[in-house]
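Reading the structure
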Amino acid sequence: MAQLSDRLNRLSPSATLAMSQKSGEMKAQGIDVINLSVGEPDFNTPDHIKDAAKKAVDENYSRYSPVPGYVDLRKAIVDKLQKENNLEYSVNEVLVSNGAKQCVCNAVMALVNNGDEVIVPAPYWVSYPQMVKLAGGTPVYVNAGFDQNFKMTPQQLEAAITPKTKMLILCSPSNPTGSVYSRAELQGLADVIRKHDDLYVLADEIYEHINYVGKHESIAQFEGMKERCIIVNGVSKAYAMTGWRIGYMAAPEWIIKGCNKLQGQYTSVHAR
Ligand SMILES: Cc1ncc(COP(=O)(O)O)c(C=O)c1O
């Protein structure tokens, strides 16, 4: 009998993409719809980026690229992390993927074992629990509602941690709520995380530049956190490059090596 794998049967289809498709169909019928599903910026890719891409095509940058990304691109990401986030990373601690989405999936697949728990503050981006389930892990939801500005408190985090907890997925600025954790709030969470060995933080910072509240802060800045943090970011939202599929992660080298191994089998081919 035709039967998909158990792994795939555990997975729900992307609700975001389903909503987006539905709104497209309704628009095609002439219905006035405001589509709040896919995070698509309301401006276009800046001209200097388009010009650089045209030049790159003319210069035949069209062959297999190195699995973790071109060294000069990774170097540019290292510079960005230094300049904008005051974080020191080396080129070997950076990996480029086909969008931040692949980075999140890489990190979850690289670290989460069957039966591991992953804390996901709710409301959350719908892909997180699905990726955790794909890896054989269990999402543990922590309700952070309207009354607390959709932000998880250190007390809530502490209460959710068990001996099986492997990862916290923290999205700030948040999709879907737009909430931004302040420096002090992140410090509070870091103080809890630091107490637990083998607990990692996947810091999804893809909305770093879509922030109407205050300065963006990274949880990786606090003492002892860089060793446990996987920062995920990319160009989709900041530079309106959603279709270009370029995202990156910054993490300890052993995690980057793991994700590189995974990516080497999934996507890119050539190691240069
Ligand atoms: C919270 C969050 N993380 C990651 C992504 C993926 O971004 P990318 O286009 O770089 O794959 C999105 C896209 O909507 C998002 O909302």
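In case you missed it, the structure is sitting above this.
We now turn to the structure provided with this report. The shown structure was predicted, so the numbers you read here are calculated from the model rather than taken from an experiment. (Residues numbered from 1 in each chain as written. Predicted model: local features only at pLDDT ≥ 70, side-chain atom pairs only at ≥ 80, totals over all residues. Heavy atoms only, no water.)

**Some thoughts on the environment of Ala135**
The condition is simple: Working definition: helices are DSSP H or I runs of at least four residues, strands are E runs of at least two. Numbering for both runs from the N terminus. Residue contacts are defined here by distance: any two heavy atoms, one from each residue, within 4.5 Å place the two residues in contact.
You can see Ala135 is positioned in the loop between α6 (127–134) and β3 (138–143). Here the alpha-carbon distance between Ala135 and Pro252, two residues 117 residues apart in the chain, equals 20 Å. Here Ala135 is in contact with Val108, Met109, Val112, Asn113 and Asn114, once residues within four sequence places are set aside.

**Thoughts on helix α5 (residues 100–111)**
Stated precisely, the cut-off is as follows: Multiplying one less than the number of residues by 1.5 Å gives the expected span of a helix. Whether a residue is buried, partly exposed or exposed follows from its accessible area with a 1.4 Å probe, protein chains only, as a fraction of its type maximum: under 20%, in between, or over 50%, in that order.
Here α5 spans 17 Å end to end across 12 residues, near enough to the 16 Å set by a 1.5 Å rise per residue. Restricting attention to buried positions, one finds in α5 the residues Ala100, Gln102, Cys103, Val104, Asn106, Ala107, Val108 and Leu111.

**Description of the pattern of salt bridges**
Quick reminder of the rule: Any carboxyl oxygen of Asp or Glu that lies within 4 Å of a side-chain nitrogen of Lys or Arg is treated as forming a salt bridge with it.
Summed over all chains, the structure comprises 10 salt bridges. In this structure, Lys80 engages Glu84 in a salt bridge whose closest nitrogen and oxygen atoms are separated by 3.2 Å. With Lys80 and Glu84 both in helix α4 (residues 71–85) and 4 residues apart, the pair spans about one turn of that helix. With a relative accessible area of 15%, Lys80 lands in the buried category. Across the pair Lys151 and Glu185 runs a salt bridge whose closest N-O atoms are separated by 2.9 Å. A residue pair is termed long-range when its members are at least 10 positions apart, and Lys151 in the loop between β3 and α7 (154–160) and Glu185 in helix α8 (residues 183–193) qualify at 34 residues. The class of Glu185 is partly exposed, set by a relative accessible area of 31%. Through salt bridges that share partners, Lys80, Glu84 and Glu208 make up one connected network.

**A word on the side chain of Asp116**
So the rule is basically this: Residues counted as positive are Lys and Arg, residues counted as negative are Asp and Glu, and His and the chain ends are not counted. Identification of polar contacts relies on pairs of N or O atoms within 3.5 Å, with a donor-acceptor requirement for protein atoms, meaning one able to donate a hydrogen and the other able to accept it, and with residues adjacent in sequence counted only if both atoms are side-chain atoms.
Position of Asp116 relative to the elements: it lies in the loop between α5 and β2 (117–122). For the buried Asp116, no salt bridge exists, and the shortest N-O distance to an oppositely charged side chain is 4.3 Å, to Lys166. Only 2.8 Å separates the side chain of Asp116 from the backbone nitrogen of Asn113, close enough to count as a polar contact. Discounting chain neighbours no more than four positions away, the residues touching Asp116 are Leu111, Gly137, Thr138, Lys164 and Lys166.

**Observations regarding the packing of aromatic side chains**
The condition that has to hold: The pairing test for Phe, Tyr and Trp rings, Trp by its six-membered ring, is centres within 6.5 Å, and the orientation test on the planes gives stacked under 30 degrees, edge-to-face over 60, and tilted for anything in between. A ring has a charge above it when a Lys NZ or an Arg CZ is no more than 6 Å from the ring centre and no more than 35 degrees off the ring normal.
A complete count under the given rule lists 5 aromatic pairs for this structure. Here the aromatic rings of Trp125 and Tyr128 are separated by 5.3 Å at their centres, their planes lie at 80°, and the arrangement is edge-to-face. The class of Tyr128 is buried, set by a relative accessible area of 2%. Summarising the aromatic geometry, the rings of Tyr200 and Trp254 are spaced 5.8 Å apart at their centres and angled 75° between planes, so their arrangement reads as edge-to-face. Note that Tyr200 is positioned in strand β5 (residues 200–204) and Trp254 in helix α9 (residues 253–266), a separation of 54 residues in sequence. For Tyr200, a relative accessible area of 11% puts it in the buried group. A cation over an aromatic ring shows up here: Lys226 above the ring of Tyr89, its NZ or CZ 4.5 Å from the ring centre.

**Comments concerning the layout of surface pockets**
Regions of empty space are outlined by a rolling probe, equal in size to a water molecule, passed over the atoms. Operational definition: A 1.4 Å probe that fits but cannot get out identifies a cavity on a 1 Å grid over protein atoms alone, an open set with protein on both sides within 12 Å along at least five of seven lines counts as a pocket, and a residue lines either if it has an atom within 4 Å of a point. Grid points are joined across faces, edges and corners, and a volume is the space filled by probe spheres set on the points. Residue classes follow a fixed rule: Ala, Val, Leu, Ile, Met, Phe, Trp, Tyr, Cys and Pro count as nonpolar, while Asp, Glu, Lys and Arg count as charged, and any other residue, Gly among them, counts as polar.
Here the largest pocket is characterised by a volume of approximately 1,400 Å³. Forming the walls of the largest pocket are 42 residues, and the residues nearest its centre are Leu73, Val235, Met241, Trp244 and Ile246. Secondary-structure elements contributing two or more residues to the lining of the largest pocket are α3 (47–58), α4, β1 (94–97) and β6 (229–234). When the residues that make up the lining of the largest pocket are grouped by side-chain class, the tally is 21 nonpolar, 11 polar and 10 charged. For the second largest pocket, the calculated volume is near 560 Å³. Taken together, 21 residues form the lining of the second largest pocket, with Val38, Gly39, Glu40, Tyr207 and Ile210 sitting closest to its centre.

**Regarding the pairing of β5**
Stated precisely, the cut-off is as follows: Note on pairing: DSSP must find at least two bridges between two strands before they are called paired. Consider the strands pointing away from the viewer: the crossover is right-handed when the path from the first strand over the helix to the second runs clockwise.
Counted residue by residue, β5 has 5 buried out of 5 residues, so it is predominantly covered. The side-chain alternation of β5 yields two buried faces, one formed by Tyr200, Leu202 and Asp204 and the other by Val201 and Ala203. Strand direction decides the pairing type here: strand β4 (residues 165–171) and β5, joined by 5 bridges, are parallel. Of the residues in β5, the one forming a bridge with Met167 is Tyr200. As for the winding sense of the linkage, the β-α-β connection from β4 through α8 to β5 is right-handed. Summarising the sheet, β5 and β6 pair through 4 bridges and their orientation is parallel. Across the sheet, residue Asp204 finds its bridge partner in β6, namely Val232.

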